[in-house]
Amino acid sequence: MATIIPVASFDCVVFGATGDLTARKLLPALFYRFRDGQIPETSRIIGASRSELSLDAFREHARDALKRFVPAADLSEDMLHRFLDHVDYVAVDGAGDSGWTDLVAKLDERPDQVRPYYLATSPDLYGSICRNLAAHGLVGEKSRVVLEKPIGKDLKSARAINDAVGEVFPESQIFRIDHYLGKETVQNLLSLRFANTIFERLWTSDVIDHVQITVAETVGVEGRAGYYDTSGAMRDMLQNHILQLLCLTAMESPLNLEANSVRDEKLKVLRALKPITTHDIQSVTVRGQYVAGAVDGKPVEGYLSELGHESRTETFVAMKVEIQSGRWAGVPFYLRTGKRLPRKLSEIVVQFRASPFSIFPEEAFGREPNRLVIRLQPQEGMKLEVMTKDPGPGGLRLRPTDLDISFEETFKQRYPDAYERLLMDVVRGNATLFMRRDEVEAAWAWADGVLKAWADRPEAPRPYPAGSWGPTAAIALIERDGRTWHEELR
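You'll find the chain entered in an unreviewed UniProt entry as Glucose-6-phosphate 1-dehydrogenase, with Methylobacterium oryzae CBMB20 given as the organism. In UniProt, the chain has this text filed under Sequence similarities (unreviewed entry): "Belongs to the glucose-6-phosphate dehydrogenase family." Among the UniProt annotations of the chain, the heading Pathway (unreviewed entry) holds the following wording: "Carbohydrate degradation; pentose phosphate pathway; D-ribulose 5-phosphate from D-glucose 6-phosphate (oxidative stage): step 1/3."

Here you go:
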C-alpha cells in the first residue's frame, strides 16, 4: 500500500464550478484525495460561478456529479457526506464586479490557507479573473493559479494570455496543467530511462529505428462542437498533449527532478523540432475528418452532421517529425491523434532496429525487431516485445513474446487519476509536471508553422469512416518509409 502524505491545509477556489470539467474530473479527484486522507479536514473546496445557487443547491450538484463519475463501490454515503461538508459556494462574475466581496469575506475567514485558484473556464476569462483577484487583495505568497488548456489558439494569443496572467502572478505561482503529465505511466517513463542504465544506453539513434505516439479517441465532438470547430485535432491534442509526450520521450537527462531542471530539457526538445514548411507539408502530414461509420458496433454520424454545417476542420492528424539533435538524428517520430477511431488508446511505441545479422534460419526467425510499448490508457503499463523460443520439441522456432507490466495489477492498488496527483502538486507548489511559459510558447511557435503551411496549401481534410484508423493516406505516410503503425502489428 502506497504511503499517503497529507498536503497543507488549503482553500481551493474553482472558477467554472458548475461546468463539465469540474463535474467529471475536479470533484472526483478531490473526493478521492479526501477519502484517502491526503486532504486535511480544515481544507475547503469553494465553487465559484455566475450561477445564483444556494449552498445546498451546489452541494446537491456536487453530489450528483460524484455519484455519476465515481464508482459506487468507492462512494459510501458517510464519506460522501463528510466530503460535501467541506464544499462551499459563492456566486461570482469572473469578468465583472458582482460577488467578489462575498468571496473576499469567505477567504478572509482563514487567511493563512494555501489558496489554489483553478480556472476551469474559457481562456478568454483568465486575464479578467486574475485582475479581479489582484484588485480584491486575493493574491499572496500562498496563492497559486491553475490554467487549463487551451492556452491560446496560436502563439500570439498564447502570449496575450500569458502576459495577462503574468501581470498578476509570478511564474512560480502559475500552473499550466496538462493532465497527460500526471499519468503514472508518463512519470514511469522518466524512471525507466533515467533509473535503468540498460534503457538509457539504448536510447539513441544507433539502436532506435523510430518512435510512434498515438492518442486515439472513440468519441466524436459531442457537446464541444462549437469549440472544436475553431480548434481541430492539431490545436486540441497535438500541440499540447502529444508534444509533451514527445518531450518526455526525447529529452536529455535533467540535472535533478527540480521543476525548472526538467522543464529546461523539455524546452530544448521543442526548440530542436525541425520546422514543417509549405514545401514538405503534404509529404509529412495528413489531415482527416470522420464521416458516418460504426464504433463499437453502433452506427455514428459524421462530423459535419454533428456540427450542422460545412467545415474543413480536421478531426484527425498524422505527421512525421524530426528532432535536430545528435541523439535523434535520423530517427523519425510518427505522431497521430483523432476522434471516432476504433479504440480509446494512448501509447508511445519505441521501435528498436532489427538485428543486422541473424544466426537463425528464416523459417525459424521472422527477424521481428524489439519494441517497447508504453501504455497511458487504458490500463497504464509497459510492455517489452522480445523474441523467445516457441515451447515444444521438433526444432527451434522463435516467436515474439511480451514482458508485460500492468501497474495496477502488479502493485495491487488503485492508481490515482492524473488530476488527483496534479491538484496535490499545486497545493505543494511543485511545478515539475506543469508547463512553463516558454514551453507553451515554443510549442505554439512550431505548431504555427504547421498551421501556416496548411493554410498556404489549402486542402480539404481526407474523409475516413468512423471506426477506422483514419484516412488511408495516414497508412501511406508511414509505409512509404517501410514502417507500419503499431495497431497493424497486433
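Burial within helix H5 (residues 126-135) is extensive, with seven of its 10 residues counted as buried. Of all the residues in H5, the buried ones are Tyr-126, Gly-127, Ser-128, Ile-129, Cys-130, Asn-132 and Leu-133. Buried-residue contacts for H5 involve strand S1 (11-15), helix H4 (100-108), strand S4 (115-119), strand S5 (143-147) and helix H6 (155-166). Looking at the residues trailing H5, positive phi occurs at Gly-137, about 70°.

This part is about empty space enclosed by the protein. Tallied over the full model, the rule gives three cavities of 30 Å³ or more. The space that makes up the largest cavity amounts to roughly 100 Å³. Together, 13 residues line the largest cavity, and Gln-239, Asn-240, Met-435, Val-440 and Trp-444 are the ones closest to its centre. Listing elements by their share of the lining of the largest cavity, those giving two or more residues are helix H10 (232-250) and helix H16 (437-456). Residues of the lining of the largest cavity, tallied by class, amount to eight nonpolar, three polar and two charged.

One pass over the structure, following the stated rule, counts 35 salt bridges. Two residues, Asp-438 and Arg-436, come together in a salt bridge whose shortest N-O distance is 2.8 Å. Arg-436 gets classed as buried once you look at its relative accessible area, which sits at 10%. Each of Arg-33, Arg-35, Asp-36, Asp-74 and Glu-420 takes part in one network of salt bridges that share partners.

Next up on the list: the sheet that holds strand S3 (residues 87-91). Taken together, six strands build an open sheet; the order of strands is S3-S2-S1-S4-S5-S6 and the sheet is parallel. At either end of the open sheet lies a strand with only one pairing partner, and these are S3 and strand S6 (174-176). Shown here is a sheet whose adjacent strand axes are inclined to one another by a mean of 20°, direction ignored.

A general tendency of soluble globular proteins is for nonpolar side chains to be buried together. One finds Phe-15 and Trp-446 to be the most contacted residues of the largest nonpolar core, which totals 151 residues. Residues from two domains meet in this core; each of domain 1 (9-147) and domain 2 (179-415 + 436-478) gives at least three. Once you skip the residues sitting within four places of it in the chain, Trp-446 turns out to touch Met-234, Leu-238, Leu-243, Leu-273, Lys-274, Pro-275, Ile-276, Met-319 and Val-321.

The terminal C-alpha atoms of helix H2 (residues 55-69) lie 21 Å apart, and with 15 residues this matches the ideal 21 Å at 1.5 Å per residue to within 8%. Regarding H2, the residues found buried are Phe-58, Ala-62, Arg-63, Ala-65 and Leu-66. Buried residues of H2 fall within an arc of 165° about the axis and therefore sit on the same side. Looking at H2, the residues exposed on the side facing more than 90 degrees away from the buried face are Asp-56 and Arg-68. Buried positions along H2 lie against helix H1 (20-35), strand S2 (44-49), helix H3 (77-84) and S3.

The sites that UniProt annotates as "binding site: NADP(+)" (unreviewed entry) are Arg-50 and Lys-149. Lining residues of the largest cavity drawn from the annotated set just named are Lys-149. Along the polypeptide, Arg-50 turns up in the loop between S2 and H2. Accessibility expressed as a relative area gives 67% for Arg-50, which makes it exposed. Sequence-distant contacts of Arg-50, that is, excluding residues within four places in its chain, are made with Val-92 and Asp-93. Mapped onto the secondary structure, Lys-149 falls in the loop between S5 and H6.

Here Val-426 is to be found in helix H15 (residues 418-428). Classification of Val-426 as buried rests on a relative accessible area of 2%. C-alpha separation for the pair Val-426 and Gly-94, spaced 332 residues apart in sequence, amounts to 21 Å. Non-local contacts of Val-426, meaning those with residues more than four positions away in its chain, are made with Pro-116, Arg-144, Val-146, Phe-175 and Phe-434.

We now examine the UniProt feature "binding site: substrate" (unreviewed entry) in the chain. The positions that UniProt labels "binding site: substrate" (unreviewed entry) are, in the present scheme, His-179, Lys-183, Glu-217, Asp-236, Lys-339 and Lys-344. Mapped onto the elements of the fold, His-179 is located in the loop between S6 and helix H7 (184-194). On the basis of relative accessible area, His-179 is assigned to the partly exposed category, the value being 23%. Setting aside residues no more than four positions away along its own chain, His-179 makes contact with His-241, Ala-418, Tyr-419 and Leu-422. Position of Lys-344 relative to the elements: it lies in the loop between strand S12 (333-338) and strand S13 (345-352). Given the relative accessible area of 46%, Lys-344 is considered partly exposed. With sequence-adjacent residues up to four places away left out, Lys-344 is seen in contact with Ala-216, Thr-218, Gln-377 and Pro-378.

Parameters and conventions
Residues numbered from 1 in each chain as written. Predicted model: local features only at pLDDT ≥ 70, side-chain atom pairs only at ≥ 80, totals over all residues. Heavy atoms only, no water. UniProt positions renumbered as here; feature names shortened; annotations may be inferred. Buried < 20%, exposed > 50% of the residue type's maximum accessible area, 1.4 Å probe, protein only. Helix = DSSP H or I, 4+ residues; strand = E, 2+ residues; numbered from the N terminus. Contact = heavy atoms within 4.5 Å. 1 Å grid on protein atoms, 1.4 Å probe; cavity = no way out; pocket = protein on both sides within 12 Å on 5 of 7 lines; lining within 4 Å. Points joined across faces, edges and corners; volume = space filled by probe spheres on them. Nonpolar A, V, L, I, M, F, W, Y, C, P; charged D, E, K, R; others polar. Salt bridge = Lys/Arg side-chain N within 4 Å of Asp/Glu carboxyl O. Pairing = 2+ DSSP bridges. Axes fitted to C-alpha atoms, helices over the stretch in contact; angles between N-to-C directions. Core = buried A, V, L, I, M, F, W, Y, C linked by side-chain atoms within 4.5 Å. Domains from an automatic or database assignment. Expected span 1.5 Å × (residues − 1). Arc of directions from axis to C-beta.

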